[in-house]
Amino acid sequence: MSKVIGAETTAKLETQLKGKLIAYWSVTLLLAGSITLSGIGQLMQLGGNIELVTNIGYPLYITNILGTWKILGVIAIVVPRFPRLKEWAHAGLFFLMTGAALSHAFANDYGEYGFHVILPLSYAALNIASWALRPKSRKL
């Protein structure tokens, strides 16, 4: 009797772990794609990035710095191994995104429907979800 219960419990646990892994990679790849496109847009100064930065009073060269940080952060999160680097990358992306939202809010630059504040906060939420769902192999 206990062998059957143990097998069912093991099967449920394996299914839960698979589901968590699928959720982790779904969230992480969505985050990575979004941040990569944002970083490339900043590095190439496309898609209104010039106006986004200058409207809140930052110098234009900040797009090169932020774009580079975003690309490096995505690489750190996606590549295997280096769990401490992943921790720092998640922290960096969180501060980068919440800082962007706060910068726009403090400059009264909310954009249409609050887009300039909501989008970075949604990236920060994806980042938290990716960090929380990470498998044991990606933890310290």
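Because the structure is predicted, anything quoted here is derived from the model rather than measured. (Residues numbered from 1 in each chain as written. Predicted model: local features only at pLDDT ≥ 70, side-chain atom pairs only at ≥ 80, totals over all residues. Heavy atoms only, no water.)

Enquirer: Can you lay out helix α3 (residues 62–78) for me, pointing to particular residues and giving the numbers?
Expert: Taking 1.5 Å per residue as the helical rise, α3 with its 17 residues ought to reach 24 Å, and the 24 Å between its terminal C-alpha atoms agrees with that figure. Along α3, the residues that are buried comprise Thr63, Leu66, Gly67, Lys70, Gly73, Val74, Ala76 and Ile77. (Helix = DSSP H or I, 4+ residues; strand = E, 2+ residues; numbered from the N terminus. Expected span 1.5 Å × (residues − 1). Buried < 20%, exposed > 50% of the residue type's maximum accessible area, 1.4 Å probe, protein only.)

Enquirer: Could you give an account of the nonpolar core, with specific residues and numbers?
Expert: Within the largest apolar cluster, 15 residues are counted, with the highest numbers of intra-cluster contacts made by Ile35, Leu93, Leu96 and Met97. At the level of secondary structure, the elements contributing two or more residues to this core comprise α1 (2–43), α3, α4 (83–106) and α5 (115–133). Setting aside residues no more than four positions away along its own chain, Met97 makes contact with Ile35, Lys70, Pro120, Tyr123 and Ala124. (Core = buried A, V, L, I, M, F, W, Y, C linked by side-chain atoms within 4.5 Å. Contact = heavy atoms within 4.5 Å.)

Enquirer: Which residues make up the side chain of Gln42, and what values go with them?
Expert: Among the secondary structure elements, Gln42 is positioned in helix α1. A distance of 3.5 Å separates the side chain of Gln42 from the backbone nitrogen of Gly67, its partner in a polar contact. (Polar contact = N/O pair within 3.5 Å; in protein donor to acceptor, adjacent residues only side chain to side chain.)

Enquirer: Explain the UniProt feature "transmembrane region" (unreviewed entry) in the protein chain to me, and be specific about the residues and the numbers.
Expert: Within the UniProt annotation, "transmembrane region" (unreviewed entry) is assigned to residues 21–40, 60–79, 88–107 and 113–133. End C-alpha atoms of residues 113–133 are separated by 30 Å, and the span's content is 90% helix alongside 0% strand. (UniProt positions renumbered as here; feature names shortened; annotations may be inferred.)

Enquirer: Which residues make up unusual backbone geometry, and what values do they have?
Expert: At Gln45, a position not held by glycine, the phi torsion is positive, near 55°. Considering the arrangement of structural elements, one finds Gln45 in the loop between α1 and α2 (49–55). Even without being a glycine, Tyr113 presents a positive backbone phi close to 60°. If you trace the backbone, Tyr113 turns up in the loop between α4 and α5.

Enquirer: Lay out the pattern of salt bridges with the relevant residues and their values.
Expert: As enumerated under the stated definition, the model contains one salt bridge in all. The residue Arg134 makes a salt bridge to Glu87 at a minimum N-O spacing of 3.0 Å. Of this pair, Arg134 sits in the segment after α5 while Glu87 is found in helix α4, placing the two residues 47 residues apart along the sequence. (Salt bridge = Lys/Arg side-chain N within 4 Å of Asp/Glu carboxyl O.)

Enquirer: With reference to specific residues and values, describe the packing of α3 against α4.
Expert: As a packed pair, α3 and α4 sit with axes 9 Å apart at the nearest point and diverge in direction by 140°. Our classification of the angle between α3 and α4 gives oblique. Handedness of the crossing formed by α3 with α4: left-handed. Contact residues: Leu66, Trp69, Lys70, Gly73, Ala76, Ile77 and Val78 in α3; Leu85, Lys86, Ala89, His90, Leu93, Leu96 and Met97 in α4. Taken together, the residues of the contact of α3 with α4 break down into ten nonpolar, two polar and two charged. (Axes fitted to C-alpha atoms, helices over the stretch in contact; angles between N-to-C directions. Parallel < 35°, antiparallel > 145°, perpendicular 65-115°, else oblique. Left-handed = near helix turned anticlockwise from the far one by under 90°. Nonpolar A, V, L, I, M, F, W, Y, C, P; charged D, E, K, R; others polar.)

Enquirer: Any details on the packing of aromatic side chains? Residues and values, ideally.
Expert: Under the defined criterion, the tally for this structure stands at two aromatic pairs. Ring centres of Tyr24 and Trp25 lie 5.0 Å apart, and the angle between their planes is 75°; on these two criteria the pair is classed as edge-to-face. Residue classification places Tyr24 among the buried residues on the basis of a relative accessible area of 1%. On the accessibility criterion, Trp25 (28% relative accessible area) is partly exposed. (Phe/Tyr/Trp six-rings, centres within 6.5 Å; stacked < 30°, edge-to-face > 60°.)

Enquirer: Just give me the short version of the environment of Lys139, but keep the residues and values in it.
Expert: Inspection of the secondary structure assignment puts Lys139 in the segment after α5. Under the relative-accessibility criterion, Lys139 is labelled partly exposed at 33%. In this structure the C-alpha to C-alpha distance between Lys139 and Thr36, which are 103 residues apart in sequence, comes to 23 Å. Apart from the residues lying within four places of it in its own chain, the contact partners of Lys139 are Pro83 and Arg134.

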